[in-house]
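Structural overview for review
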Amino acid sequence: MSGPQQPAVARFWTADAGQARCLLCPHECLLDEGQTGLCNVRKVEDGQLRSLVYGHPVGGAVDPIEKKPLFHFRPASATYSYATVGCNLACTFCQNYTLSQVQGSVAQDSYVPAETLVEDAIKAGCRTLAHTYSEPTIFLEYALDVARAGNARGLDSVFVTNGFIGDAAREEVAATISAANIDLKAFSDLTYRTVCRGRLQPVLDSIVSLVAAGVWVEVTTLVVPGLNDSPAELGDIARFLASVSPAIPWHVSRFHPSFHMTDRGVTPAATLAAARTAGAEAGLQFVYIGNLPGANGEDTICPSCQNVVVRRHHFTVVENLLNKGSCHFCGHQLAGVW
Ligand code: SF4
C-alpha cells in the first residue's frame with residue numbers, strides 16, 4: 001500500500017457539451033464539473049470523469065465459492081472476495097448497505113495495486129477472485145485490472161452483480177470473467193424503478209448476453225414478502241430464466257429485514273418452497289433455497305436420475321458425488337464448470 005493518490009481517470013464516458021456523460025451503467029449520468037454520479041463514486045474533476053474508488057478495496061476475505069452463491073462453478077474451492085464502496089442501485093432492502101450506500105466523500109487513505117490483491121489471493125490459496133459484496137460495475141476499471149492481473153497468474157474471476165451495466169462495459173466483462181451470479185430482484189419494471197432506482201430490461205439483457213457469451217451464469221432472487229413473492233411473479237422469473245437456459249441455477253433466498261425495509265418479517269419457508277416448485281414447473285433443472293440452512297434446498301439433484309449428487313449445508317459441500325460434473329449414479333453430465 002502507498003499513500004493517497006489522485007483519483008484515476010475513468011473509462012466508459014464521453015465529453016458532452018462541457019459535461020461528462022458516464023456510460024458505465026444505464027443511468028448514463030450527465031455530470032457537471034465537481035458533480036458525482038448516482039453511484040457516489042464517479043466524479044468530474046478537471047474536466048475528466050474519475051473513479052474515486054480505483055485501487056481502494058474493502059472487505060478482502062476468503063470465502064467458499066458457494067457463498068457467492070455459485071453452486072456449479074469449481075465447487076468447494078476458495079475465492080478471494082473484495083469490493084469497493086458504492087452501488088449504482090439503491091434497493092431499500094439492501095442486505096449490504098453499509099458498503100453499497102456510502103454518502104459523502106470516499107476514503108482515499110490507501111492504494112492497493114491490482115497485482116497486490118492478486119498476490120494476496122494466491123497466498124490465501126484461492127483459485128478465483130470474486131468481485132462482490134457491493135457492485136463490481138461501479139468499480140469496473142479496477143475490477144477489470146484485478147481480473148486481468150489474476151488471469152495472468154492463473155486465477156479466474158467471478159462477478160456477483162446486479163446486472164445493471166452498460167453495453168460496452170458488459171462486453172468487456174464477458175470477455176474477461178469466467179462466471180457470474182446476477183441478481184434478478186423482481187420481474188416488474190415498476191419495482192426496479194421505485195424500490196431499487198433501476199430498470200428491469202438492462203438486467204434481463206445482462207443475463208441473456210453473458211450466457212450467450214459463454215460466461216457461467218447463476219441467478220439469485222431475494223424473495224421479499226409482499227414485494228416479489230406472488231406466484232405469478234416468481235413464475236415469470238422462472239419462465240424467463242428457463243427460456244434463456246433451463247440449466248441456469250436459480251437461487252431463491254430468504255429476506256431479512258434490513259436498511260429501509262424493516263416493515264415486514266423474514267420470508268416464510270413455505271414461500272421459498274413455492275418458488276422452488278415454480279422453478280421446477282417452468283423447467284429449470286436447478287433451484288436452490290438460500291439463507292435457510294437445513295431446509296433441504298441446498299443440494300444438487302441430478303436432473304436425469306433424481307439422486308442427490310452434491311450435499312451442502314450452509315455453503316459447505318458435505319458430499320460431492322460428481323466426477324467432473326458426471327453423475328455418480330447414471331453418468332449424466334450436469335451443466336457447470338467442474
Ligand atoms: S456508474 Fe455511476 S456515474 Fe456512471 S452512469 Fe452509473 S450511476 Fe452514473
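This structure is a prediction, so every number in the text was calculated from the model and none was measured.

**Description of the overall build of the chain**
Each helix and strand in the chain was counted, giving eight helices and 19 strands. Against the globule reference of 20 Å for 338 residues, the chain gives a C-alpha radius of gyration of 20 Å, in line with a compact fold. A principal-axis box enclosing the C-alpha atoms of the chain has dimensions of 60 × 45 × 35 Å. Counting every position in the chain, which comprises 338 residues, the buried fraction comes to 48%. Excluding contacts between residues fewer than 6 apart, the proportion of contacts in the chain whose partners are at least 24 apart in sequence is 68%.

**What to know about the site of the ligand**
Residues in contact with the ligand, as listed here, are C22, L24, C25, H27, E28, C29, G37, L38, C39, R42, N88 and I138. Per-class residue counts for the shell around the ligand are seven nonpolar, three polar and two charged.

**Notes on the sheet that holds strand β5 (residues 42–45)**
Taken together, the three strands give an open sheet; going across it, the order is β1-β6-β5, and neighbouring strands pair in antiparallel fashion. Of all the strands in the sheet, just β1 (8–9) and β5 have a single pairing partner and so form its edges. Strand direction decides the pairing type here: β1 and strand β6 (residues 48–51), joined by two bridges, are antiparallel. For V9, the partnering residue across the bridge sits in β6 and is R50.

**Some details on the domain arrangement of the chain**
When cut into domains, the chain gives domain 1 (8–51), domain 2 (58–296) and domain 3 (299–338). Distance from the C-alpha centre of domain 2 to the C-alpha centre of domain 3: 22 Å. Domain 2 puts 17 residues into the contact, and the matching count from domain 3 is 14 residues. Looking at the side of domain 2 that touches domain 3 residue by residue, the classes come out as 10 nonpolar, four polar and three charged.

**Some remarks on the nonpolar core**
In terms of nonpolar packing, the biggest core is built from 92 residues, with V146, V158, A180 and V217 touching the most fellow members. At seven residues, the largest contribution of residues to this core is made by helix α3 (residues 140–152). A domain-level breakdown of this core finds at least three residues from each of domain 1 (8–51) and domain 2 (58–296). Each residue touching V158, except ones within four places of it in the same chain, is listed here: K68, L70, F73, T79, T128, A130, I177, S178, A179 and A180. Within the second largest apolar cluster, five residues are counted, among which are C302, V309, C327 and L334.

**Observations concerning the pairing of β5**
Across four bridges, the pairing between β5 and β6 is antiparallel. Paired with V44 across the strands is L49, a residue of β6. Counted between consecutive antiparallel strands, the loop separating β5 from β6 contains two residues, among which D46 sits at a positive phi close to 55 degrees.

**Looking at α3**
Between its first and last C-alpha atoms α3 spans 18 Å; for 13 residues at 1.5 Å apiece the expected length is 18 Å, and the two agree. Every buried residue of α3 is listed here: L140, E141, Y142, A143, L144, D145, V146, A147, A149 and G150. The inward-facing, buried residues of α3 abut β1, β6, α2 (114–123), β9 (128–131), β10 (156–161) and α4 (167–174).

Definitions and limits used
Residues numbered from 1 in each chain as written. Predicted model: local features only at pLDDT ≥ 70, side-chain atom pairs only at ≥ 80, totals over all residues. Helix = DSSP H or I, 4+ residues; strand = E, 2+ residues; numbered from the N terminus. Rg over C-alpha atoms; globule rule 2.2 N^0.38 Å. Buried ≥ 20, exposed ≤ 12 C-beta atoms within 10 Å, placed from the backbone. Contact = placed C-beta atoms within 7 Å. Near = placed C-beta within 6 Å. Nonpolar A, V, L, I, M, F, W, Y, C, P; charged D, E, K, R; others polar. Pairing = 2+ DSSP bridges. Domains from an automatic or database assignment. Core = buried A, V, L, I, M, F, W, Y, C linked by C-beta atoms within 7 Å. Expected span 1.5 Å × (residues − 1).

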